[in-house]
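# Observations on the model geometry
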Amino acid sequence: TTRDIVLRPAEFFRDTAAMMVAEGGLSAAIAYAVIIQWVASFFNFIWRVVIGVAIESRVDDLFRIASDVLQEGAVGSDRLDSLRERMLEFLFGASSILLTPFKTLIKLSLLAVLVHAAVRFFMKEEPGRPHSYSTTLKVLAYAAAPGILCVIPGIGILVAYVLGFIAAAIGLREVYRTTSARAYLAVVFPELVLMALLLGSFVVLLFLAFNVLRLVF
């Protein structure tokens, strides 16, 4: 399943379209997305720790040399403090992996709400392909498959995001029998909403700041 979604998303969603629009199967789709995201989160954490420690160790060496020159007596204490900080960072980072299933459920549910709103607004309902929230949620859940590419250090997370975006759009196109343009618009709709909210908040803050300055001066 994962290989088909990553390499042949159009074929996968075309072949499973009937299953996507049918009742049931939602829990399996969500479980699949949770597992994929947990694996992705685990490897993201591993690569972040490995790369971060490698860079931090080089920087620490420079500061330690300077500290040794200036304060020879405080070296042992500094090393203990550095070790304690690294242990705390590791523990808190590892604990975030345990929260991945809950974060995935919340993120996926909210994302599906916005994407499905775009589906209902921009797409025409075709016979035999009713627009339903559960169907949109299934498509987005299976489109999380490219997250497995996070096992690749460095560029894995970027490739996973791009392929996941493409898989979601292709999935909506095949399942709802719509055009590519409408499918991509539905997938990008949450980002557009977020940008609009941020821009609106910025405008409101500017307006409030302007009025405060006018009252003061």
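Basis of the calculations
Residues numbered from 1 in each chain as written. Predicted model: local features only at pLDDT ≥ 70, side-chain atom pairs only at ≥ 80, totals over all residues. Heavy atoms only, no water. Helix = DSSP H or I, 4+ residues; strand = E, 2+ residues; numbered from the N terminus. Buried < 20%, exposed > 50% of the residue type's maximum accessible area, 1.4 Å probe, protein only. Contact = heavy atoms within 4.5 Å. Areas by Shrake-Rupley, 256 points an atom, 1.4 Å probe, with all protein chains shown as cover. Salt bridge = Lys/Arg side-chain N within 4 Å of Asp/Glu carboxyl O.

Turning our eyes to something else, we now look at the overall build of the protein chain. Tallying secondary structure elements over the protein chain gives 9 helices and 0 strands in all. Helices (α) and strands (β) of the protein chain occur, in sequence order from the N terminus, as α-α-α-α-α-α-α-α-α. Burial statistics for the protein chain: of 217 residues in total, 32% are counted as buried. Residue pairs in contact within the protein chain that sit at least 24 positions apart in sequence constitute 74% of those at least 6 positions apart. Accessible surface, the protein chain: about 13,500 Å² in total, of which carbon and sulfur atoms supply 73%.

With that settled, the discussion passes to the environment of A33. Structurally, the position occupied by A33 is in helix α4 (residues 26-70). Judged by its relative accessible area of 1%, A33 is buried.

Moving on, we come to the pattern of salt bridges. Applying the stated criterion across every chain, the model contains 4 salt bridges. In this structure, R8 engages D4 in a salt bridge whose closest nitrogen and oxygen atoms are separated by 2.6 Å. Since its relative accessible area comes to 34%, R8 is described here as partly exposed. Among the salt bridges present, the one from R8 reaches E11, with a minimum N-O distance of 3.5 Å.

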